[in-house]
Amino acid sequence: MSSTDQNSHGRGRVMRRSIALGMATALLAPLAFHAAQSIANDPASLTARQKTRCDAVKASVKDAGFDDSVSVSCHDGKALIASDTWPDHEMMTGIVGINEQVPVPAKGYASPVVLEPKMRGSEETPYTRDAALGVAVNGVPIYDYTGGGEMSQNDLASYQADNDTLATKQLDACGGHSGRGDDYHYHVKPTCMIDRMKNADDNPIIGWALDGYPIYGDDNPDGSHIANEALDICNGQPDKTFGYRYHTSQKAPYIVQCLMGKVPDQKDLPRVAPLSVANDTSDANSRGRPAGTPPQGGVEDLVFTQQESGKRSMDYIYHGEAYYIRYTPSDTPDCYDFETRTVTDGGDVKTGEYCR
């Protein structure tokens, strides 16, 4: 999926898209998407309703205290929330069901949020995708709770126990992990991000779905508890201010699992492509750094560390043996020198330079 978690976690769910189409879409890197959209941020080109929603999106990022690392620009009917998807909190540590992928910054990743949202008709099915459905106010993408590929309409209506990333211990304590694109994203409530929000005590907007509707925490905006069965199949409900809103929840689906609003230009929605081998323009390299295979039964004592120099390391134990993935920024921009000893590779030490 860029970070297509179905590859990362080795799930058996059949994708509704063909692999060829999925890979072609995945290579629409966020930077290219952002460049194509980056005409001048001209408020005069926005309708009054769009400008109001644009101001709300900007305020949600600023009030949370993330405007130093997240930018918001509004044009062409969308708010582009751009960041490098690298949160200012601990990542990865404690994961048991690891997919042997690591987080690597995705500079310029831009999430397009519709500024004049419209709900789908009663006869239209909610929108699902095997990639981000929204973005948190710190710029980190938000996925549905599963790690088994795109959800079918039948999947939405029933709990996907085998693909529940939380129940199968694929997530860190902050509600996220890295997927096929070696990109960090959330699958459930982003607790560590919320703890760092300057306005956390005000029950604020914690993110935006790509259809233009806000995402709140477990409670209503006024602080009251959400009544049983109030949330719909996508984990949302009507809202007096925005027309509709999504929520996180203690029980599955935990967070946005589909979109009730219309999403124009669906084929242009961003994905983070897998890292590619440096200086390799072959067709084979278009598939990027090989996907990791989840070690059977999970790993122990996984710890992710990072140093001021930019060096990162993910270390863990499997059947009493030590494994690791270590990577450091190389001399080439957006490239990293990797050294790995993984279960996927049978414990062989491998090195290489990989780039965004």
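Described below are features of the structure shown in this document. Keep in mind that what you see is a predicted model, and the values were worked out from it rather than measured. (Residues numbered from 1 in each chain as written. Predicted model: local features only at pLDDT ≥ 70, side-chain atom pairs only at ≥ 80, totals over all residues. Heavy atoms only, no water.)

This part is about the overall build of the chain. Assigned secondary structure in the chain consists of six helices and 17 strands. Put simply, the chain has 356 residues, and 55% of those count as buried. Pairs at least 24 apart in sequence give 64% of the contacts found in the chain among residues at least 6 apart. Total accessible area on the chain is roughly 15500 Å²; 49% of this is exposed by carbon and sulfur atoms. (Helix = DSSP H or I, 4+ residues; strand = E, 2+ residues; numbered from the N terminus. Buried < 20%, exposed > 50% of the residue type's maximum accessible area, 1.4 Å probe, protein only. Contact = heavy atoms within 4.5 Å. Areas by Shrake-Rupley, 256 points an atom, 1.4 Å probe, with all protein chains shown as cover.)

Before going further, it helps to spend a moment on the pattern of salt bridges. Evaluated as defined, the whole model comprises 10 salt bridges. We note a salt bridge from aspartate 315 to arginine 326, for which the minimum N-O separation is 2.9 Å. Taken together, the residues span a long stretch of sequence, with aspartate 315 in strand β14 (residues 312-318) and arginine 326 in strand β15 (residues 321-329) at a distance of 11 residues. Residue arginine 326 is classed as partly exposed on the basis of its relative accessible area, which comes to 30%. (Salt bridge = Lys/Arg side-chain N within 4 Å of Asp/Glu carboxyl O.)

The side chains of a regular strand alternate between the sheet's two faces. A large share of strand β3 (residues 109-114) lies buried, amounting to six of its six residues. The side-chain alternation of β3 yields two buried faces, one formed by Tyr109, Ser111 and Val113 and the other by Ala110, Pro112 and Val114. With six bridges joining them, strand β2 (residues 78-83) and β3 adopt antiparallel strand pairing. Residue alanine 79 lies in a different strand from β3, and its bridge partner there is valine 113. (Pairing = 2+ DSSP bridges.)

Relative to the helices and strands, histidine 185 resides in strand β7 (residues 184-186). With relative accessibility at 0%, the residue histidine 185 sits in the buried group. Separated by 3.1 Å, the side chains of histidine 185 and histidine 187 make a polar contact. (Polar contact = N/O pair within 3.5 Å; in protein donor to acceptor, adjacent residues only side chain to side chain.)

So, on to the sheet that holds β3. Strand pairing in a sheet is mediated by backbone hydrogen bonds. Such pairs are either parallel or antiparallel. Strand order in the open sheet made by the three strands is β1-β2-β3, with antiparallel pairing throughout. Only two strands of the sheet have a single neighbouring strand rather than two, namely β1 (71-75) and β3. Each strand of the sheet is rotated relative to its neighbour by a mean of 25°, with strand direction disregarded. Packed onto the sheet, helix α4 (residues 48-64) meets β1, β2 and β3 and runs at close to 175° relative to β1. (Axes fitted to C-alpha atoms, helices over the stretch in contact; angles between N-to-C directions.)

This part is about the packing of aromatic side chains. Under the definition given, this model contains 11 aromatic pairs. Judged by centre distance (5.8 Å) and plane angle (80°), the ring pair of tyrosine 145 and tyrosine 254 falls under edge-to-face. Taken together, the residues span a long stretch of sequence, with tyrosine 145 in the loop between β5 (141-142) and α5 (153-156) and tyrosine 254 in the loop between β11 (243-247) and β12 (276-277) at a distance of 109 residues. On the accessibility criterion, tyrosine 145 (2% relative accessible area) is buried. A centroid spacing of 6.3 Å and a plane angle of 20° characterise the contact between tyrosine 316 and tyrosine 323, whose relative ring orientation is stacked. Under the relative-accessibility criterion, tyrosine 316 is labelled buried at 1%. On the accessibility criterion, tyrosine 323 (11% relative accessible area) is buried. Members of the aromatic cluster, each reached through a chain of ring pairs, are Tyr327, Tyr336, Phe338 and Tyr354. When the ring centre of tryptophan 86 is taken as origin, the NZ or CZ atom of arginine 312, which lies over that ring, is 4.3 Å away. Residue placement shows arginine 341 over the ring face of tyrosine 323; its charged tip is 4.7 Å from the ring centre. (Phe/Tyr/Trp six-rings, centres within 6.5 Å; stacked < 30°, edge-to-face > 60°. Lys NZ or Arg CZ within 6 Å of the ring centre and 35° of its normal.)

For α4, built from 17 residues, the straight-helix expectation of 24 Å at 1.5 Å per residue is met to within 8% by its first-to-last C-alpha distance of 24 Å. When α4 is considered as a whole, its buried residues turn out to be Gln50, Arg53, Cys54, Ala56, Val57, Ser60, Val61 and Ala64. An end-on view of α4 places all buried positions within 160° of arc, on one side of the element. Turned more than 90 degrees off the buried face of α4, the exposed positions are Ala48, Thr52 and Lys62. On its buried face, α4 sits against β1, β2, β3, α6 (191-196) and β8 (207-209). (Expected span 1.5 Å × (residues − 1). Arc of directions from axis to C-beta.)

The biggest cluster of nonpolar side chains holds 73 residues, and the ones touching the most others in it are Met92, Met193, Tyr246, Leu259, Met314, Tyr327 and Phe338. Of the residues forming this core, the biggest block, five residues, is contributed by α4. The contact partners of tyrosine 327, leaving out residues within four places of it in the chain, are Trp86, Val102, Pro103, Val104, Phe304, Gly310, Lys311, Arg312, Tyr336, Asp337 and Phe338. In terms of nonpolar packing, the next biggest core, distinct from the first, is built from six residues, Ala106, Tyr109, Ala132 and Val272 among them. (Core = buried A, V, L, I, M, F, W, Y, C linked by side-chain atoms within 4.5 Å.)

Counted under the stated rule, the structure contains four disulfides. Residue pairing for cysteine 234: its cysteine sulfur links by disulfide to cysteine 258, the two sulfurs lying 1.9 Å apart. With the S-S bond torsion at -110°, the cross-link from cysteine 234 to cysteine 258 turns out left-handed. Linking cysteine 234 in the loop between β9 (214-216) and β10 (236-239) with cysteine 258 in the loop between β11 and β12, this pair joins segments that are 24 residues apart in sequence. Residue cysteine 335 pairs covalently with cysteine 355 via a disulfide, S to S 2.0 Å. On the S-S bond that ties cysteine 335 to cysteine 355, the torsion sits near 105°, and the link is right-handed. Residue cysteine 335 is located in strand β16 (residues 335-341), and its partner cysteine 355 is located in strand β17 (residues 349-355); the two are separated by 20 residues in the primary sequence. Side by side, cysteine 335 and cysteine 355 carry an identical accessibility label, which is buried. (Disulfide = S-S within 2.5 Å.)

Spatial relationships are all this shows, so hold off on functional conclusions.
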